[in-house]
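Observations on the model geometry
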Amino acid sequence: MAYSIKITKAAQSKVSEVDFSNIPFGKIFSDHIFVADYDGKQWTNLEIKPLEKMPLHPATMAWHYGQAIFEGMKAGKSADGVPLLFRPQLHAQRMNASAKRMCMPEIPEDLFIQALEQLLLIDKDWIPTQSDSALYLRPVMMATDEFIGVRSSETFRFMILALPSGPYYNKPVGLWVEEHFVRAADGGVGEAKAAGNYGAALYPTKLARDKGYDQVMWMDARDFKYVQESGTMNVFFLTKNAVLTPNLSGTILRGITRDSIIQILKDNGYKVEERPVSIDEIIEAHTKGELLEVFGTGTAAVIAQIHRIGYHGKDYHINAPEDGVAAMLKSSINGIRQGRLQDKHDWVWPVEQKSAVLA
Ligand code: COI
């Protein structure tokens, strides 16, 4: 179905103030925002307008009980200037899976995509073209009832922010294997992209940073034996025999970059094993000289090399070659996303003027 989105354009664009050769992640916002409100029955007031601060009542329920979910997506631009979304249907589906788990309303997939398309067409000049940059898109939904008392909110706000962004990590990262705090347990909210998952990770991450590491490598909550994910990424281990990555067990994020990287690895003839991966197996592979590379995948991080794992008071150093498998994967996924490499799995969604519905 075609949605009618009210559009109010900014009087003056701020795009000329941006140094696209040096874009810090997460700090620079495009001119416009998409906003929609759920009134308890349907999504209403669909609007793209100049980005501005948003007044909210102190009893807004999202702040009190954490009904807040988000997505992270990236858009590129083809050589002839067409904005390119990357696997938007999967992001819509994951947003709706998060919404279901957090007792929030789903967003029709076509509304999600049309809102993104419209925003991209309006803020097209904000899409960076450098190979390691992109327009990061942040769909986010929050509970907006003004009420003190624990129940689900009935009203919600859905927004999409757009931020030109450079790399999330600009050097290989070190991970601390966490054996006290947990990110997610069976039956919990680990698979949802719920804001609270990220808030709860901050203190263990601070402790890992205090020890000299960049991020935490989370273990399973029952035995602290099996690798889950790391910080903002899914993790992959390139061993002599295969590429190992934890299976989707319900406690880790269903990464869309993870899924794309598994496919690119297979396309390049690598054997990929999605299964429980124990930390002991990784340490043993390292000891035998069979752990060749370790890397994390995520929309923001794309591919981040992992050069060090701290476990039981010992540091395990891993090669992070500039021309290895992680580097090949990074240039492949960036190239596909930016329309420079062949898109043989139909991941790229070109946003043509005609496909978007103007109000
Ligand atoms: C992403 O990779 O898009 C994320 O959501 C991670 C983060 C910036 C919170």
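Here's a quick rundown of the structure. (Residues numbered from 1 in each chain as written. Predicted model: local features only at pLDDT ≥ 70, side-chain atom pairs only at ≥ 80, totals over all residues. Heavy atoms only, no water.)

**Some details on the environment of Lys 288**
Take Lys 288: it is sitting in the loop between helix 6 (279-287) and strand 15 (291-298). Separated by 39 residues in the primary sequence, Lys 288 and Ser 249 place their C-alpha atoms 28 Å from one another. (Helix = DSSP H or I, 4+ residues; strand = E, 2+ residues; numbered from the N terminus.)

**Focus: the packing of aromatic side chains**
By the definition in use, this model includes 13 aromatic pairs. Between Phe 34 and Phe 158, the ring centres sit 6.0 Å apart and the planes meet at 65°, which makes this aromatic pair edge-to-face. One end of the pair, Phe 34, is in strand 2 (residues 32-38); the other, Phe 158, is in strand 8 (residues 156-165), with 124 residues separating them in the sequence. Residue Phe 34 is classed as buried on the basis of its relative accessible area of 0%. Taking relative accessible area as the criterion, Phe 158 reaches 0% and is therefore assigned buried. Both rings, one in Phe 112 and one in Phe 158, keep their centres 6.0 Å apart while their planes meet at 25°; by these two values the pair is stacked. Taken as a pair, Phe 112 in helix 3 (residues 109-122) and Phe 158 in strand 8 lie far apart in primary sequence, 46 residues in all. Judged by relative accessible area, which is 1%, Phe 112 ranks as buried. Each residue in the set Phe 34, Tyr 38, Trp 43, Phe 112, Phe 156 and Phe 158 is aromatic and connected to the rest through ring pairs, giving one cluster. Here the guanidinium or amino end of Arg 151 rests over the ring plane of Phe 147, the centre of that ring lying 4.1 Å away. (Phe/Tyr/Trp six-rings, centres within 6.5 Å; stacked < 30°, edge-to-face > 60°. Buried < 20%, exposed > 50% of the residue type's maximum accessible area, 1.4 Å probe, protein only. Lys NZ or Arg CZ within 6 Å of the ring centre and 35° of its normal.)

**Brief notes about the nonpolar core**
Among the nonpolar cores identified, the biggest contains 56 residues, and Phe 34, Trp 43, Phe 112, Leu 137, Met 141 and Phe 158 are the most heavily contacted of them. If one sorts the elements of this core by residue count, helix 3 sits on top with nine residues. When residues of this core are assigned to domains, at least three fall in each of domain 1 (6-166) and domain 2 (173-337). When sequence neighbours within four positions are dropped, the list of residues in contact with Phe 34 reads Ile 5, Leu 46, Glu 47, Ile 48, Leu 111, Ala 115, Leu 119, Phe 158, Met 159 and Ile 160. By size, the runner-up hydrophobic cluster in this structure holds 26 residues, among which are Met 217, Leu 244, Ile 306 and Tyr 311. (Core = buried A, V, L, I, M, F, W, Y, C linked by side-chain atoms within 4.5 Å. Domains from an automatic or database assignment. Contact = heavy atoms within 4.5 Å.)

**Remarks on the pairing of strand 7 (residues 134-143)**
With respect to burial, strand 7 is a largely interior element, nine of its 10 residues being buried. As judged from the three bridges shared by strand 4 (residues 68-70) and strand 7, these two strands associate in the antiparallel manner. Its bridge partner lying in strand 7, Ile 69 is registered against Met 141. Here strand 5 (residues 73-77) runs beside strand 7; their pairing, made up of three bridges, is antiparallel. Following the sheet pairing, Ala 75 is matched in strand 7 by Leu 135. Bridging between strand 7 and strand 8 involves 10 bridges; their strand directions are antiparallel. Within strand 8, the residue paired with Leu 135 across the bridge is Pro 164. (Pairing = 2+ DSSP bridges.)

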